[in-house]
Amino acid sequence: MTSTPPTSSTSGAGLPKRRRGESLRATRPAPPVQAPAPTQPVTPGQPPASAGPARATPPGGAAPPAFGDPGDQVTDRTSRPAPSAAPSWFTPPPTAHQPAVTPADPAAGRTGQPPRTDLTWPTTATTPAAANPADQATGLTRRPAPTESTSSGPAAMTGGPGAAQPDTGPGRPGRPEPAAPALTLPPPAPERPVRRRAAPVSAGRRLANAALGIALLAAAVALQTTVLSADERISPITSSGTAGELVHTAFFGARVESVEVARALQEENRDRVDPAPGQVFLVVTVRATGKTRALQLQRAELVTADGLTYEATERILPTRTLAHRWVQPMLWSSGPVFFEVPPEALPGARVVVSERKHALFGDQYLAEASIDLGLDAAKAKAAVDSATGVYRIPTS
Amino acid sequence: MASHRDGSRRRRRPVLVPVSLLVAAAGLAVAALLGGFAEAPPEPPETLGKGDTIDQVRIRTTFTDAVARRGGDDFGVSDKRYLLIHLNVTNLSDETVSAHSVVSASIPTVRADGKVIKGEELDDLGPRIVINEQGRYLNQIHPRLTRPVIMAFELPPDGTAPQQVELDVATFEWHESFFYETHSWVVALDEIPGPGGDRTRTRYVPRVVAKVEMPVRVEGDL
């Protein structure tokens, strides 16, 4: 029967073309943000061609949903995407290839019910296998299979005793439902991609997938251990090297030229300087050049193999050491650095030189050169044993 | 839910609720006996004397002596009088420390015969804290080394020397910054709420973990 109002003659008219297999939701036009233009209610005998401007959208264009009734309150539901397989209350735009069908029932052609996308949209489980082409040709439509949760769809269209009951759906409070035609067919289901059943996965593949997933998880957790701590983030950027090698940093290059152990230090015209009991002096001569600007390598530390940090000794004024030499680009300057250490701290020790960071201004991410002195246990012992004399500090 | 009428199953006595109530009541009774849920008062600082040693996490300090003497060749100026507190300070941390900074921070208050001669209420530079090595004043204490440190107060030119000194000793802790999550050595602090619970006037003072009382030995002709 063709008693179905034209509102439900949705065979894809007004929708963008989509290819087979393409998701229907993907091709659905974007919903208008504001309320759609009020449309005239379709009265019997009046073709819906005289509907509002929204109806004039050609098929295939971004047809806004034409369900806005002036009396209907615009809710968030109206901003949802219009269902392509519109339910019976939807008045489609007349198209050239589909003649408008005058609704047999005066009330059936009413528009103005907000779309119930989630309710009347045929779900996968309730969708008929495919649209009947014959139905499309005759204008016959199929209703979506009524579900338990649908509020107004079945009552509006079955024409049964429940048709006149007020709809208590959220979109239309208390509005009596118009009488529906006595017999309707569910609208044709939208064309759905045929889902191919996936090939069964073998047990070995499942196992491999699980192992891969666990390995990825473990790698993600292991990567977290490489995250720098807050202390490491504010510490200088270290370039490492060995004695005799020019160690490049972003701001300077430094090379350890000589490493000596001394029992005492002698500055010209000054008293001899002795270390504290049980300690020796380690004299490291460093040659350095700047990269971009002039700087002073005022911080010098000896880091032992077990992580103890010895500052350069205060027994020698920094004016005699590398700390007061200006290190400039394209120029080489060298100076000694003096450490006062116990002899057992020497094996594996490194010397670290850098600029001194100022807490308030200047570069907060300084570069430091960490240079391995190349002293193993035997070399350190030999150096300590052979150190008998007094190291004379050069004047320059 | 239907009740069990199965006679074959032995009916179990419901004990869980009574027993847990008993346990909770016993716990409350014990807590009440031990002083209730109020915050326990802080442990009183231990009292130390001459020659005692205290571990302050970053350093370890031995209070060797307290001497009142005139300046000389080895220390100070000969026409001035000094109160010298001798300490042996061991650097327990992994890096070189400055004797002045660690000792000054970890001994926040010094009293001589009850009168404060070092404290944050005094508007002065505080005592001189040095390592005196044959008249050469040094400041570095390298890791794991013990150096003799002198805390020197200048005494007024007249009057008698104090009989006793009392030192408030604080301790260090390896503190993580709340904002930056970086770590540094700080002196452990106590929060002193402002008058009437005024949070804007809350003060933080070093937590005194020990009080050291030493008699002052007068050396030479003062």
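Computed from a predicted structure; not experimentally measured.

A.B. asks: Even after reading the chapter, I still don't get the overall build of chain B, so can you show me in this structure?
C.D. replies: In terms of helices and strands, chain B carries two helices and 18 strands. Relative to its full complement of 222 residues, chain B shows a buried share of 20%. Across chain B, every contact between residues at least 6 apart in sequence was considered, and the portion connecting residues at least 24 apart equals 66%.

A.B. asks: Just to check I follow, could you spell out the interface of chain B and chain A for this structure?
C.D. replies: How big an interface is tends to be expressed through the accessible area that disappears when the partners come together. With 13 residues of chain B at the interface, the matching set in chain A holds 11 residues. Considering only residue class, the side of chain B that touches chain A consists of three nonpolar, six polar and four charged.

A.B. asks: When you look at unusual backbone geometry in this model, what are you seeing that I'm missing?
C.D. replies: Residues apart from glycine generally show negative phi values, whereas peptide bonds are mostly found in trans. The phi angle at M330 of chain A is positive, at roughly 65°, despite the residue not being glycine. Considering the arrangement of structural elements, one finds M330 of chain A in the loop between strand 10 (309-311) and strand 11 (333-341). On the basis of neighbour count, M330 of chain A is assigned to the exposed category, with 7 C-beta atoms found within 10 Å. Positive phi is not limited to glycine here, since E181 of chain B has a value of about 60°. Here E181 of chain B is to be found in the loop between strand 13 (172-176) and strand 14 (183-187).

A.B. asks: What's the story with the sheet that holds strand 6 (residues 264-266) of chain A in this structure? I'm lost.
C.D. replies: Pairing between the strands of a sheet comes from backbone hydrogen bonds, and it takes one of two forms, parallel or antiparallel. Residue and element names in this part refer to chain A. Ordered in space as 7-6-14, the three strands form an open sheet in which the pairing is mixed. Two strands lie at the open edges of the sheet, namely strand 7 (272-273) and strand 14 (390-392), each paired on one side alone. The pairing of strand 6 with strand 14 spans three bridges and is classified as parallel. From the neighbouring strand, A264 faces strand 14, where its bridge partner is V390.

A.B. asks: Teacher, can you tell me more about the sheet that holds strand 8 (residues 280-290) of chain A here?
C.D. replies: Residues and elements named next belong to chain A. What the four strands build is an open sheet, ordered 4-5-8-11; its pairing is antiparallel. A single partner strand is all that each edge strand has here, and the edge strands are strand 4 (247-248) and strand 11. Here strand 4 runs beside strand 5 (residues 252-262); their pairing, made up of two bridges, is antiparallel. Across the sheet, the residue bridging to V247 is A254, located in strand 5.

A.B. asks: When you look at the nonpolar core in this model, what are you seeing that I'm missing?
C.D. replies: One recurring pattern in soluble globular proteins is that nonpolar side chains are buried together. F281, L282, V284, V337, F339 and V351 of chain A are the most contacted members of the largest nonpolar core, which totals 44 residues. Mapped onto this core, the elements with two or more residues apiece are strand 5, strand 8, strand 9 (299-303), strand 11, strand 12 (350-354) and strand 13 (367-372) of chain A. The element best represented in this core is strand 8 of chain A, accounting for seven residues. Discounting chain neighbours no more than four positions away, the residues touching V337 of chain A are V284, V286, A300, A312, T321, L322 and V351 of chain A. Core analysis: the second largest hydrophobic core is formed by 29 residues, L83, L84, V102 and A170 of chain B among them.

Reading the values: rules and limits
- Residues numbered from 1 in each chain as written.
- Chains lettered and ligands numbered in written order.
- Predicted model: local features only at pLDDT ≥ 70, side-chain atom pairs only at ≥ 80, totals over all residues.
- Helix = DSSP H or I, 4+ residues; strand = E, 2+ residues; numbered from the N terminus.
- Buried ≥ 20, exposed ≤ 12 C-beta atoms within 10 Å, placed from the backbone.
- Contact = placed C-beta atoms within 7 Å.
- Nonpolar A, V, L, I, M, F, W, Y, C, P; charged D, E, K, R; others polar.
- Pairing = 2+ DSSP bridges.
- Core = buried A, V, L, I, M, F, W, Y, C linked by C-beta atoms within 7 Å.

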